[in-house]
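Coordinates in review
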Amino acid sequence: YYQPLSTYKENIEEPPPRNAISFPQIKTDRMVEIFAQPKELLLMLAEPDHRIKWMKSLKRITLRDQKINRILSSHECLLGENQIEVSIEDVIANELGIKLFERAKMKRPSLDFIVLYHLEKVDDKTSRIGIGNHFFKSKNWATNIFLLPMLSFVFRFLNKINLRRLKKYAETDGVSV
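The shown structure was predicted, so the numbers you read here are calculated from the model rather than taken from an experiment. (Residues numbered from 1 in each chain as written. Predicted model: local features only at pLDDT ≥ 70, side-chain atom pairs only at ≥ 80, totals over all residues. Heavy atoms only, no water.)

**Side note on the pairing of strand E6 (residues 111–121)**
To be explicit about the condition: Using a 1.4 Å probe on the protein chains alone, a residue whose accessible area is under 20% of its type maximum counts as buried, one over 50% counts as exposed, and one in between counts as partly exposed. Secondary structure follows DSSP: runs of H or I at least 4 residues long count as helices, runs of E at least 2 residues long count as strands, and numbering of each begins at the N terminus. If DSSP finds at least two bridges between two strands, the strands pair.
E6 sits mainly inside the fold: nine of its 11 residues count as buried. Summarising the sheet, strand E5 (residues 97–106) and E6 pair through 10 bridges and their orientation is antiparallel. Opposite Lys99, over in E6, you have His118 as the bridge partner. Where E5 folds back onto E6 in an antiparallel hairpin, the turn is made up of four residues. Where E6 meets strand E7 (residues 127–135), nine bridges bridge the pair, whose relative direction is antiparallel. For His118, the partnering residue across the bridge sits in E7 and is Gly130. Following E6, the chain reverses through five residues before pairing antiparallel with E7.

**So, unusual backbone geometry**
The phi torsion of most residues other than glycine is negative, and most of the peptide bonds are trans. Cis rather than trans, the peptide bond between Arg108 and Pro109 has omega equal to -5°. Looking at where Pro109 falls in the secondary structure, it is placed in the loop between E5 and E6.

**Observations concerning a positive patch on the surface**
Note the threshold: Patch criteria: residues need more than 30% relative accessible area and no salt bridge. Like-charged residues are merged within 9 Å; nonpolar side chains of Val, Leu, Ile, Met, Phe, Trp and Tyr are merged within 5 Å. Using a 1.4 Å probe, accessible areas were evaluated by the Shrake-Rupley method; residue-level cover was limited to the displayed protein chains. Think of a salt bridge as a Lys or Arg side-chain nitrogen and an Asp or Glu carboxyl oxygen that are within 4 Å of each other. Charged residues are defined here as Lys and Arg on the positive side and Asp and Glu on the negative side; His and the ends of the chain fall outside this count. Taken as the charge centre is NZ of Lys, CZ of Arg, CG of Asp or CD of Glu, depending on the residue.
A contiguous patch of positive charge, built from Lys27, Arg30, Arg156, Lys160 and Arg164, is present on the exposed surface. Lys160 sits in the exposed class, given a relative accessible area of 54%.

**Concerning the sheet that holds E6**
Cut-off, in case you're wondering: Simply put, an axis is a line fit to the C-alpha atoms, just over the touching stretch for a helix, and the angle between two N-to-C directions goes from 0 to 180 degrees. Any two residues whose heavy atoms approach within 4.5 Å at even a single point are treated as in contact.
Spatially, the seven strands line up as an open sheet ordered E1-E7-E6-E5-E4-E3-E2, and their pairing is antiparallel. One side of each edge strand has no neighbouring strand; the edge strands of this open sheet are strand E1 (32–34) and strand E2 (58–63). For this sheet the average axis-to-axis angle between neighbouring strands, irrespective of direction, equals 30°. Here helix H2 (residues 38–46) sits on the sheet and contacts E1, strand E4 (82–94), E5, E6 and E7; the angle it forms with E6, its principal contact strand, is near 155°. Here helix H4 (residues 141–172) sits on the sheet in contact with E1, E5, E6 and E7, set at roughly 160° to E7.

The following block contains the structure:
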């Protein structure tokens, strides 16, 4: 038995247009080499069971209505005492590497930002990874003048710590993906 799908296809609505993403730039000197392939590292970045083991201060990840993290899916992170709504905006992969873009919305303080994970293949056994952030302007002028520059500095520092933790997790904790 079979059912033709052509009538169903006619009723499918076009997806809404995607918002343009401002891409953070990651300097090569801020990247870390890890003994793993980009696809293995992508799994460690995207899967909650892996991420919670290497990301500093990450206490919990709660997936919404789905069982896996995928493009345009959202989840909630409890990072320290902050609740952050995160959605995977895009994954761009080619023979050179992978770029994973996440959009994050923090409740207190009210912040909206992009996180870019840039993975480059170095050779058959090694990858280079960097993390970049882009903060969107707030409606609050004081946040834009005082908080965003400070957070940019703090996030650079946290990214450095998280990259070291990811390297240790990927190389020494016996991760098999």
